[in-house]
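These are the residues of each chain, in order.
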Amino acid sequence: MIDEMAVLEVRHISKDYRISGENSLIAKTFHAVEDVSLSVRKGETFGIVGESGCGKSTLARLMVCLEKPTSGEVLFQGMRMDTMPEGQLRRVRPRFQMVFQDSGSSLNPRKRVQDILREPMLYHRIGNRQQVDRRVDELLEMVGLPVEMKDRYPHAFSGGQRQRICIARALSLNPDVIVLDEPVSALDVSVQAQILNLLRELQEKLGLTYVFIGHGLGAVHYVSHRIAVMYLGQIVEYGSSDELFDHPAHPYTKALLDAAPVAQVDARDRIRTSLKGEMDEEPPRGACPLFNRCPFADASCEKFENRMREIAPGHFTVCSRAKEG
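The model shown is predicted, which means the values in this text are computed figures rather than measured ones. (Residues numbered from 1 in each chain as written. Predicted model: local features only at pLDDT ≥ 70, side-chain atom pairs only at ≥ 80, totals over all residues. Heavy atoms only, no water.)

1. Some details on the pattern of salt bridges
One side chain can pair with another of opposite charge once the charged atoms of both are near each other.
Here is step 1 of the chain: If you walk through the whole model with that rule in mind, you get 18 salt bridges.
Here is step 2 of the chain: With a shortest N-O distance of 3.6 Å, Glu51 and Arg293 are connected by a salt bridge. Here the residue Glu51 occupies a position in the loop between β3 (45-49) and α1 (56-63), and Arg293 occupies one in the loop between α10 (251-259) and β11 (309-312), the gap between them amounting to 242 residues.
Here is step 3 of the chain: In this structure, Asp115 engages Arg118 in a salt bridge whose closest nitrogen and oxygen atoms are separated by 3.0 Å. Highlighted residues: Asp115 and Arg118, both in helix α4 (residues 113-123), separated by three residues, approximately one helical turn.
Here is step 4 of the chain: Relative accessible area serves as the criterion here: at 17%, Asp115 is assigned to the buried category. (Salt bridge = Lys/Arg side-chain N within 4 Å of Asp/Glu carboxyl O. Helix = DSSP H or I, 4+ residues; strand = E, 2+ residues; numbered from the N terminus. Buried < 20%, exposed > 50% of the residue type's maximum accessible area, 1.4 Å probe, protein only.)

Have a look at this one:
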């Protein structure tokens, strides 16, 4: 289904890697992302959540064409990006920016903050030197850092401050979409809240579009308008943020929510959904990917169609046992 409001869209996208087995002459295929379709609308935050190793970071890199998909399409404002010549893609790239989890390795330790922010704008010829210097000051103020700190090197900043610098660098090229790959996972809880509030304020002020990736469900819920849940390279459920959290339909989504700590004392004794085994356990051929781990699996789950169905307005899941409501 084509989403006419989408600014960024992926259709039936997959990414496979060839990996060596115990015998180096025999290579196996690892399906990092498998037949994923989703769309990101202008001005929204689209959250992608799942365990480590589920393929969400690979999906993010595919969405901004840092990697080429094995199959499928990546479209930006109707333009097919995955087949663009490198020269044309280079001109489009400034419209996509990423903020990574590890702010320390994202910033060049040999360069001062003003140089880190200045260089992308000079390279892409966004204004002359004087205009760029003024823009550097504006960006620092925008992310809540004193302008006087622009002469310092990254090691002189805390983790939260470095992440603010990374956000400022992402904003420097006036992108259409910013992909945030677990941007608060490495930060203290109190600092996480500050960064999340900053992202929301910037989005409201500048009309930004985010793809927010994480495994911290509270953070993803707080900033996202819609959320997709990934398991073993596939989207198993998606819908509006509140609908997904209030009425989870897929057993994997329920398990993720039930694994998160809750503040309410009377909710700690509630019945929780727990998965069996480990994520890397392979299900029987043709069965649901969660078959071995799902506490609700039955014989009908051995014939898996991987077809999204709508169980409530805007709420979709691949689970055949999920009830409509």
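2. So, the sheet that holds strand β9 (residues 226-231)
Here is step 1 of the chain: In space, the eight strands of this open sheet follow the order β6-β7-β8-β3-β9-β10-β12-β11, with mixed pairing throughout. The open sheet terminates on both sides in strands that have one partner only, identified here as β6 (96-99) and β11. Looking at each pair of strands side by side, their axes are set apart by 20° on average, direction ignored.
Here is step 2 of the chain: The sheet contact formed by strand β7 (residues 177-181) and strand β8 (residues 209-214) spans five bridges and is parallel. Within β8, the position partnered with Leu180 by the bridge is Phe212. (Pairing = 2+ DSSP bridges. Axes fitted to C-alpha atoms, helices over the stretch in contact; angles between N-to-C directions.)

3. Side note on the nonpolar core
Here is step 1 of the chain: Counting residues in each nonpolar core, the largest one holds 52 residues, and the members touching the most others are Ile167, Leu171, Ile178, Leu202 and Phe212.
Here is step 2 of the chain: With six residues, helix α6 (residues 159-171) is the single largest residue contributor to this core.
Here is step 3 of the chain: Setting aside residues up to four positions removed in sequence, Leu202 forms contacts with Met142, Ile167, Leu171, Gly207, Leu208 and Tyr210. (Core = buried A, V, L, I, M, F, W, Y, C linked by side-chain atoms within 4.5 Å. Contact = heavy atoms within 4.5 Å.)

4. Some thoughts on the sheet that holds strand β2 (residues 27-41)
Here is step 1 of the chain: Spatially, β2-β1-β4-β5 is the arrangement adopted by the four strands of the open sheet, whose pairing is antiparallel. Of all the strands in the sheet, just β2 and β5 (79-80) have a single pairing partner and so form its edges.
Here is step 2 of the chain: Sheet topology note: the strand β1 (residues 6-20)/strand β4 (residues 71-76) ladder contains five bridges and is antiparallel. Residue pairing across strands places Arg11 opposite Glu73, the latter belonging to β4.
Here is step 3 of the chain: Against the sheet, α1 makes contact with β1, β2 and β4, and its axis sits at roughly 65° relative to β2, the strand it touches most.

5. Some thoughts on the pairing of β9
Across a regular strand the side chains alternate sides, sitting on one face of the sheet and then on the other.
Here is step 1 of the chain: A large share of β9 lies buried, amounting to six of its six residues.
Here is step 2 of the chain: Taking every second residue as pointing to the same face, both faces of β9 are buried, with Arg226, Ala228 and Met230 on one and Ile227, Val229 and Tyr231 on the other.
Here is step 3 of the chain: Judged from the four bridges that link them, β3 and β9 form a sheet pairing that is parallel. The residue bridging Val49 from the neighbouring strand is Val229, located in β9.
Here is step 4 of the chain: By the bridge criterion, six bridges tie β9 to strand β10 (residues 234-240) in an arrangement that is antiparallel. Paired with Met230 across the strands is Ile235, a residue of β10.
Here is step 5 of the chain: Taken together, β9 and the strand that follows it, β10, pair antiparallel across an intervening segment of two residues, in which Leu232 is found at a positive phi of about 50°.

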